[in-house]
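Below are the chains, spelled out letter by letter.
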Amino acid sequence: MNQQVTSVSITDAVANALRLLEIDPAQAARQAREILKVTPGQPNAVLLLGLAANAERDFAHAAAVLEPLARVQPKSARTWLALGVARYGIGQNAQAINALNQAIALQPGLPCAWLTLAELRFSIGDESGAEAAYLRHLKYSNEDPELMAGADALANNRLPEAESLIKRRLKWQPGDVAAMRMLAELELRRGRNTDAILLLEQALERAPGFDAARQNYAAALHRCNRHREAVAELDILLGKTPDDQILKNMKAVVLSKLGDFDTAIATYESVLQRVPDQAEIWINYGHALKTAGRGADAVKAYRRCLMLRPDFGSAWWSLANLKTAHFDAADIDTMRAQLARVDLDANARLHFEFALGKAMEDVGLYAESFSHYANANALRRAQLPYDAEAAHTKNLQSISTYSRSFFAERDGTGSQATDPIFVVGMPRAGSTLIEQILASHPLVEGTMELPAIIAIGNDLRLRDGDTGSSAYHDVLARLARDELQALGEQYLERTRIHRREGKPFFIDKMPNNFAHVGLIQLILPNARIIDARRHPLACCFSNFKQHFARGQAFSYDLADMGRYYADYVALMAHFDRVLPGRIHRVIYERMVDDTEAQVRALLDYCGLEFDARCLRFFENERTVRTASSEQVRKPIYRDGVDQWKHFEPWLDPLKHALGPVLDAYPEPPAT
């Protein structure tokens, strides 16, 4: 009986000491020694002593403890694993490999043995052997309770818990490629794309055949607008599994971002021949068709998507977002029925609300339309927090930094290229129309909303170690002339992939680049900058009706939007003062009222001869990727100029936030 009690007590003591290993290995070792005083040679206590020595990186002591134990217990995989770790730690690589192979022979599904063997082979430059071991570790990683705890927390979106578990794992096993991939997925969910890419690159350096990590890597590159690199990674994966429809769909999405719509559409069609019942692929196919100017085919694709999934809110919004499609009574009944569901998630609900807002507007039920738009915006605003005060502070910092003397001291900096034509301003202010007019000129190529300037701004923040959203202007002010020129050349290189026609000028139509006029002036002083401006109530309410694919966080609250518009007007007025004549402004209403005069002035500013094709821009069959894609394929019309007036009873928060900007339009208010 006493012997039984003693055995139970020893088992409990060993288990308790094992729990101490990670947090206090020295205490675990002391407990092991106490057990050995009571029962000399107790195998689990000896193993515990060796494990504690390994944890304290006293590998020589660990080896001295574990080698006799391995002779006594040659069938213990855990002992051989611990001995392999110890021998690896003291640089006895050949003996370590032998010990680890012994552990694996006894227990092939021991994930930590494969991981340690992989790390050892990687450290000695045996890349193929390391990769094979890493992949075997991945095969058995679902047998690792610590890894599975992190995976469960991640799968159930318990991100703080997942982060703690995964980082603890990487502290003790820094080469664990499975944990690296999980942490990268967590970083992607939090928007830390650069950190995710670095983790995935480290994982793929160790295990190039880790296909799941490579797929994550392609997705992360795509999210960071590194589309060409993303295609290269997807091609590697498709080289292994050419019939993988998920990968082919991903590639089609990325090809669309690169502007290769013919190939993207053909790829979607190939996928849909194999898997015709995938609603997500039909909607992506519809997006590509829409951008390529095949509006009727896009409608069919979206409708096919909805046949498969009537609850697919994004597809209903995609139909509404065509601006030219209209919903019938059956469509409206279907959307209302979906909204009545209590189990509809917030993302689907906001898409239905936006789509019903458009449907009610089309039939003149403006109060109900506004109600749906307001509901949609409130849902999106909750998903995408925005700090109007912080944005205002950044705007003031720009005004303070970019003085007349600031630019005078840096006169002549940057690349002297004349190729780029920037179209900036508020979204929904007519920038797509300006782009279409200019792209109809034989010397000008239209591209898309290029992310290159924003990416350069983000890179400048990183120079000060800032991965957040603070301003980069102080960093820019410290740059030498050669660095500013290098940034200009970098911009040209980043945008080169989008220039397919070899024309001397190209358009960068990223409206939000108005916040980066100072940067553009310093790195590309000869680029043209055109400011697209529209009546503040028309422009802001048009944004309020629009669900953007990403970004534009200011646009989901009328007061936030009014402040953002006022900040934009203030910043552009400042640049008009310190860089007089540098920016050409196009007032949307004037373009509608006297198109030819405005087009001539626009071309003159760009140094281009008048070309009558610019007046027939709607005949241009180029791809257009914005919400206005269908509208710019028609002649200019006045219908949209005063459309906001139907909703004026509900726009008081917007009017109040705009303040004097509203009364002064189209000029800025007096300073």
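Above this text you will find the structure in question.
First things first, this report covers the structure right here in the doc. (Residues numbered from 1 in each chain as written. Predicted model: local features only at pLDDT ≥ 70, side-chain atom pairs only at ≥ 80, totals over all residues. Heavy atoms only, no water.)

Section: the sheet that holds strand S4 (residues 528-533)
Strand pairing in a sheet relies on backbone hydrogen bonds, with the paired strands running either antiparallel or parallel. Test applied: Two strands qualify as a pair provided DSSP detects at least 2 bridges between them. Helix and strand definitions follow DSSP, with helices as H or I runs of at least four residues and strands as E runs of at least two, each counted in order from the N terminus. Only the stretch in contact is used when a helix axis is fitted, and all axes are lines through C-alpha atoms; the angle between N-to-C directions ranges over 0 to 180 degrees. Any pair of residues with heavy atoms lying within 4.5 Å of one another is described as a contacting pair.
Spatial ordering of the open sheet is given by S2-S3-S1-S4-S5, a layout of 5 strands whose pairing is parallel. A single partner strand is all that each edge strand has here, and the edge strands are strand S2 (444-448) and strand S5 (583-587). When strand polarity is set aside, the average angle formed by the axes of neighbouring strands in this sheet is 25°. Pairing between strand S1 (residues 420-425) and strand S3 (residues 505-508): 3 bridges, direction parallel. Bridge pairing in S3 links proline 420 to phenylalanine 506. Against the sheet, helix H28 (residues 481-495) engages S1 and S3, with an angle of about 90° to S3.

Topic: helix H15 (residues 245-257)
Our working definition: Each residue after the first adds 1.5 Å to the expected span of a helix. Buried residues are those whose accessible area, probed at 1.4 Å on protein chains only, stays under 20% of the maximum for their type, while exposed residues exceed 50% and partly exposed ones sit between those limits.
For H15, with 13 residues, the first-to-last C-alpha span of 19 Å sits near the 18 Å given by 1.5 Å per residue. Most of H15 is tucked away, with 10 of its 13 residues classed as buried. When H15 is considered as a whole, its buried residues turn out to be Gln245, Leu247, Lys248, Asn249, Met250, Ala252, Val254, Leu255, Ser256 and Lys257. Lining the buried residues of H15 we find helix H13 (211-223), helix H14 (227-240), helix H16 (261-274), helix H17 (279-291) and S2.

Focus: the nonpolar core
Condition: What we call a nonpolar core is a set of buried Ala, Val, Leu, Ile, Met, Phe, Trp, Tyr and Cys residues that are connected through their side-chain atoms within 4.5 Å.
Core analysis: the largest hydrophobic core is formed by 133 residues, its most contacted members being Met426, Leu438, Tyr491, Ile530 and Tyr565. With 11 residues, helix H31 (residues 558-578) is the largest single contributor of residues to this core. Setting aside chain neighbours within four positions, we find tyrosine 491 in contact with Pro420, Phe422, Leu450, Ala452, Ile453, Ile456, Phe506, Asp508 and Leu524. If you look at the next biggest cluster of nonpolar residues, it comprises 89 residues, including Ala86, Ile166, Ala196 and Phe210.

Quick notes on the environment of glycine 91
Note on placement: glycine 91 falls in the loop between helix H5 (77-89) and helix H6 (93-106). In sequence terms glycine 91 and alanine 60 are 31 residues apart; their C-alpha atoms lie 10.0 Å from each other.

Points about the side chain of threonine 79
Here threonine 79 is to be found in helix H5. Apart from residues lying up to four places away in sequence, threonine 79 is in contact with Leu47, Leu66, Leu69, Ala70 and Gln73.

Topic: the packing of helix H23 (residues 388-401) against H31
When two helices pack together, their arrangement is given by the angle between the helix axes and by the axis-to-axis distance. The line we're drawing: For classification, angles of less than 35 degrees are called roughly parallel, those exceeding 145 degrees roughly antiparallel, those between 65 and 115 degrees roughly perpendicular, and all remaining angles oblique. Residues were grouped as follows: Ala, Val, Leu, Ile, Met, Phe, Trp, Tyr, Cys and Pro as nonpolar; Asp, Glu, Lys and Arg as charged; and all remaining residues, including Gly, as polar.
Two numbers describe how H23 lies on H31: the axes approach to 10 Å, and their chain directions differ by 0°. With respect to H31, the axis of H23 lies roughly parallel. Between H23, through Ala388, Glu389, Ala391, His392, Asn395, Ser398 and Ile399, and H31, the contact on the second element is made entirely by Asp560, Arg563, Asp567, Ala570, Leu571 and His574. Taken together, the residues that form the contact of H23 with H31 break down as 5 nonpolar, 4 polar and 4 charged.

Comments concerning the layout of surface pockets
Cut-off, in case you're wondering: Any residue with an atom within 4 Å of a point lines the site, the site being either a cavity, points on a 1 Å grid over the protein atoms alone where a 1.4 Å probe fits but cannot get out, or a pocket, an open set with protein on both sides within 12 Å along at least 5 of 7 lines. Grid points are joined across faces, edges and corners, and a volume is the space filled by probe spheres set on the points.
Roughly 1400 Å³ of internal volume is contained in the second largest pocket. Residue lining of the second largest pocket: 31 residues in total, with Leu51, Val85, Cys112, Trp172 and Gln173 positioned closest to the centre. No other element matches H5, which puts 6 residues into the lining of the second largest pocket. Considered class by class, the residues forming the lining of the second largest pocket number 16 nonpolar, 5 polar and 10 charged.

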